[in-house]
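# Coordinate analysis (summary)
Listed below, chain by chain, are the residues.
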Amino acid sequence: MGYAADLLLGDPRGWPHPVKLFGRLISTGTRWLNRGGGRLFKGALLTLLLCAGTFFIFWWIGRCLERWPLAWYAFTSLFVFFALANKSLLQEGREVFDTLHTQGLEAGRQRLSWIVGRDTSQLSAQQVRIAVMESMSENLSDGVIAPLCFYAAGGLPAMMLYKMINTLDSMIGYKRDPYCYFGRAAARLDDVANFIPARLTAILMVIVSGNARAWRFIRRYGRAHASPNAGYPEAAMAGILNTRFGGPNTYHGVLVVKPYIGENDRTLHHKDFRKAVCINHGVTLLMIICMIVISMIFKFRFDEISKYFLSSL
């Protein structure tokens, strides 16, 4: 139900959202703690408290609602809807492509700045399109598959724990002042949390697309990215589209030279965006189906084991 709601509604602007609350908590903790000495310890402490608190609160609410199955079902479905970000991700990417096409390069650069951290003021039209594709592939992992992986592993508490980890990384997990030490624990924890989901996302992209070149790109370029995880889904998408991602970009006034992913620097078009949209929807649906099938298999085996145990008594 949460997946269906995200598919239909996305994240309407102006609606209340738990990630906004997460952001306020992180901002408040950062103002209090990110000063003076011991910033590495303070940042790790903030990360630990917020992550543990998030998991415990959603675990406690879930336990309280177990007596009312319909209430538990509604609550869980609502927060699964909040935790998934596929529809809104695709909407944002489409708006950049449409703005670039109808209003020109400057407007496209400005619209892109809403969804990426790089300096967009000097990007070419091709670089704007590539930035959208990179963001879509990376956020397919961070915003969709990773939350679903955590839900499969530990239910809603684990899913919301991941959302807190990811929000911490996006707000304080930088290698520049004033977050260099303060956000280090959050950044490392995010790397660990996304290790399996990023690789799983890339594999699912290969399966959905049926593209052998995507698999070759994953093997060749997956570890070329500065991030230990982002390179895998980006390499898969670059392989599917047979194009080149990466290269130098400016972040917060600092030039960051990223390795190229792919060699075919061809111009991207709207049809490439539509193909990426199909890949995103296909990967998400396949993940949901896999989760349902695996859940049914485990439930069947658990029931069989329980019957055997009870009969033996």
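The notes below deal with the structure included here. Treat the numbers as computed from the prediction; the structure is a model and nothing was measured.

### Some points on a nonpolar patch on the surface
- On the surface, Phe 55, Phe 56, Ile 57, Trp 59 and Trp 60 cluster together to form a nonpolar patch covering roughly 530 Å² of accessible area.
- Within the secondary structure, Phe 55 sits in helix α3 (residues 39–65).

### Re unusual backbone geometry
- Backbone torsion omega between Asp 177 and Pro 178 reads 5°, so that peptide bond is classified as cis.
- Checked against the element boundaries, Pro 178 lands in the loop between α7 (125–172) and α8 (184–193).
- In this model, Asn 242 sits at a positive phi of 55°, which is unusual for a non-glycine residue.
- Looking at the element boundaries, Asn 242 is found in the loop between α11 (231–241) and β1 (245–251).
- According to the relative accessible area criterion, Asn 242 is partly exposed, its value standing at 28%.

### Considerations on the nonpolar core
- Judged by nonpolar contacts, the single largest core of 76 residues is most densely connected at Leu 112, Met 133, Met 136, Leu 148, Leu 156, Leu 168 and Met 205.
- The biggest single contributor to this core is α7, with 23 residues.

### Focus on the packing of α7 against α11
- For the pair α7 and α11, the least separation of the axes is 8 Å and the interaxial angle reads 130°. Relative to α11, the element α7 is oriented oblique. Relative to α11, α7 is oriented so that their crossing is right-handed. Touching Met 133, Glu 134, Ser 137, Glu 138 and Ser 141 of α7 are Pro 233, Glu 234, Met 237 and Leu 241, all from α11.
- Taken together, the residues that form the contact of α7 with α11 break down as four nonpolar, two polar and three charged.

### Looking at the packing of α3 against α7
- In contact at an axis separation of 8 Å, α3 and α7 are set at 155° when each is read in the N-to-C sense. The angle between α3 and α7 places the two elements in the roughly antiparallel class. Read as a crossing pair, α3 and α7 show a hand that is right-handed. Residue-level inspection shows Thr 47, Leu 50, Cys 51, Thr 54, Phe 55, Phe 58 and Trp 59 of α3 in contact with α7, the latter providing Leu 156, Pro 157, Ala 158, Met 160, Leu 161, Met 164, Ile 165 and Leu 168.

### Things to note about the environment of Ala 71
- Within the fold, Ala 71 resides in helix α4 (residues 69–83).
- Taking the relative accessible area as the measure of exposure, Ala 71 reaches 34% and is therefore partly exposed.
- Along the backbone, Ala 71 and Phe 182 are 111 residues apart, and their C-alpha atoms lie at a distance of 39 Å.

### Here we look at the environment of Asn 139
- Tracing the chain through its elements places Asn 139 in helix α7.
- Beyond its immediate stretch of four places on either side in the chain, Asn 139 contacts Leu 89 and Val 144.

### Topic: the pattern of salt bridges
- Per the counting criterion, the structure on display carries eight salt bridges.
- For Glu 92, the salt bridge goes to Arg 111, with nearest N and O atoms at 2.6 Å. Here Glu 92 is found in helix α5 (residues 86–103), whereas its partner Arg 111 is found in helix α6 (residues 105–112), with 19 residues between them in sequence.
- Taking the relative accessible area as the measure of exposure, Arg 111 reaches 7% and is therefore buried.
- Glu 263 is paired through a salt bridge with Arg 220; the nearest N and O atoms lie 3.0 Å apart. With a gap of 43 residues between them, Glu 263 in the loop between β2 (254–261) and α12 (270–312) and Arg 220 in helix α10 (residues 212–221) connect regions that are remote in the sequence. Of the two residues, Glu 263 and Arg 220, neither departs from the other in class, the shared state being exposed.
- Overlapping salt bridges, with partners in common, bring together Glu 92, Glu 95 and Arg 111 in one network.

Rules and cut-offs
All residue numbers refer to position in the chain's written sequence, counted from 1. Predicted model: local features are reported for residues with pLDDT of at least 70 only, side-chain atom pairs are reported and counted for 80 or more only, and whole-chain, interface and lining totals are derived from all residues. To obtain the side-chain values, all non-hydrogen atoms of the structure were used and water was disregarded. Excluding any residue in a salt bridge, patches collect residues exceeding 30% relative accessible area, merging like charges within 9 Å and nonpolar Val, Leu, Ile, Met, Phe, Trp and Tyr side chains within 5 Å. Only the protein chains shown count as covering a residue, and every accessible area follows the Shrake-Rupley method with a 1.4 Å probe. In the sections that follow, a salt bridge refers to a side-chain nitrogen of Lys or Arg positioned within 4 Å of a carboxyl oxygen of Asp or Glu. Strands here mean DSSP runs of E at least two residues long; helices mean DSSP runs of H or I at least four residues long; both are numbered from the N terminus. For the exposure calls, accessible area comes from a 1.4 Å probe over protein chains only, and a residue counts as buried if that area is under 20% of its type's maximum, exposed if over 50%, partly exposed in between. In this description, a nonpolar core means a group of buried Ala, Val, Leu, Ile, Met, Phe, Trp, Tyr and Cys residues linked to one another through side-chain atoms lying within 4.5 Å. Lines fitted to the C-alpha atoms define the axes, with helices restricted to the stretch that makes contact. Angles between their N-to-C directions range from 0 to 180 degrees. Orientation categories follow fixed angle ranges, with anything under 35 degrees roughly parallel, anything over 145 roughly antiparallel, 65 to 115 roughly perpendicular, and all other angles oblique. Helix crossings fall into two classes, left-handed where the near helix is turned counterclockwise from the far one by less than a right angle and right-handed where it is turned clockwise. In what follows, residue pairs with any heavy atoms lying within 4.5 Å of each other are defined as contacts. Under this grouping Gly is polar, as are all residues other than the nonpolar Ala, Val, Leu, Ile, Met, Phe, Trp, Tyr, Cys and Pro and the charged Asp, Glu, Lys and Arg.

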